[in-house]
Amino acid sequence: MESKEVSFNKECGGSGVGNSSKGGEGFIDRSKVRILLCDNDAKSLEEISTLLLKCSYQVISVKSARQVIDALNAEGANIDIILSELDLPLAKGVKMLKYINRDKDLRRIPVISKFFLLPPLPNS
């Protein structure tokens, strides 16, 4: 995997997210946004977490769908968004999403997930 140098000031919009010419209308204070980040790849988890922290977000990092559920049980009311890169058996990711959807307080949290589904290998 190639390493890229990232300019955090450029990537994070140095002057704030959503600034407009209407006196800051639509501004989001990133330092108050809590992100629950899930990735079972330790290197990716660290890189994404570092980027989000440098952009002033609060980040809770976990490595599995089970840990997402545990973090939601402990901090659910304080989580603003869930970002998950789950390279897990599909059933575990679906179980996590069902758990979130069943709870009226948790279902308000936006979930952004990326699941990798590989096509079946051709018969040899």
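Each value, and the rule that gives it
- Residues numbered from 1 in each chain as written.
- Predicted model: local features only at pLDDT ≥ 70, side-chain atom pairs only at ≥ 80, totals over all residues.
- Heavy atoms only, no water.
- Helix = DSSP H or I, 4+ residues; strand = E, 2+ residues; numbered from the N terminus.
- Contact = heavy atoms within 4.5 Å.
- Areas by Shrake-Rupley, 256 points an atom, 1.4 Å probe, with all protein chains shown as cover.
- Expected span 1.5 Å × (residues − 1).
- Buried < 20%, exposed > 50% of the residue type's maximum accessible area, 1.4 Å probe, protein only.
- Arc of directions from axis to C-beta.
- Pairing = 2+ DSSP bridges.
- Right-handed = clockwise from strand over helix to strand, strands pointing away.
- Core = buried A, V, L, I, M, F, W, Y, C linked by side-chain atoms within 4.5 Å.
- pLDDT = per-residue confidence, 0-100.
- Polar contact = N/O pair within 3.5 Å; in protein donor to acceptor, adjacent residues only side chain to side chain.

Overview of the overall build of the protein chain
Okay, step 1: In terms of regular secondary structure, the protein chain is built from four helices and four strands.
Okay, step 2: Starting at the N terminus, the α and β elements of the protein chain follow one another as α-β-α-β-α-β-α-β.
Okay, step 3: Within the protein chain, counting contacts between residues at least 6 apart in sequence, those at least 24 apart form 61% of the total.
Okay, step 4: Accessible surface, the protein chain: about 8,800 Å² in total, of which carbon and sulfur atoms supply 53%.

With respect to helix α4 (residues 90-102)
Okay, step 1: Helix length check: α4, at 13 residues, gives a terminal C-alpha distance of 18 Å against a target of 18 Å (1.5 Å per residue), a fit within 8%.
Okay, step 2: G93, M96 and I100 are the residues of α4 that are buried. In an axial view of α4, the angular spread of the buried residues amounts to 60°, which keeps them on one side of the axis. For α4, the exposed residues set more than 90 degrees away from the buried face come down to A91, K95, K98, N101 and R102.

Quick notes on the pairing of strand β2 (residues 58-62)
Consecutive side chains along a regular strand alternate between the two faces of the sheet.
Okay, step 1: The sheet contact formed by strand β1 (residues 34-39) and β2 spans five bridges and is parallel. Note on β2: the bridge partner recorded for R34 is Q58.
Okay, step 2: Crossover β1 to β2 through helix α2 (residues 42-54) is right-handed.

Focus: the nonpolar core
Okay, step 1: Core analysis: the biggest nonpolar cluster contains 15 residues, and L36, V68, L72, I79 and I82 have the highest contact counts within it.
Okay, step 2: Elements that contribute at least two residues to this core include exactly β1, β2, α3 (65-75) and α4.
Okay, step 3: The leading source of residues in this core is α3, at five residues.
Okay, step 4: When sequence neighbours within four positions are dropped, the list of residues in contact with I79 reads R34, L36, I60, L72, R108 and I109.

What to know about the confidence of the model for the protein chain
Okay, step 1: Residues of the protein chain with pLDDT of at least 70 account for 69%, and the chain-wide mean is 79.
Okay, step 2: Mean pLDDT across the elements of the protein chain bottoms out in helix α1 (residues 8-11) (50) and peaks in β2 (96).
Okay, step 3: Contacts from residues 15-23, a stretch scored under 50 in pLDDT, to residues over four places away or in other chains number 13 contacts.

A short note on the side chain of S84
Okay, step 1: Following the sequence through the fold, S84 ends up in strand β3 (residues 81-86).
Okay, step 2: Assessed through its relative accessible area of 4%, S84 is described here as buried.
Okay, step 3: A polar contact is formed between the side chain of S84 and the side chain of S113, at a distance of 2.5 Å.
Okay, step 4: Here S84 is in contact with C38, M96, I112, S113 and K114, once residues within four sequence places are set aside.

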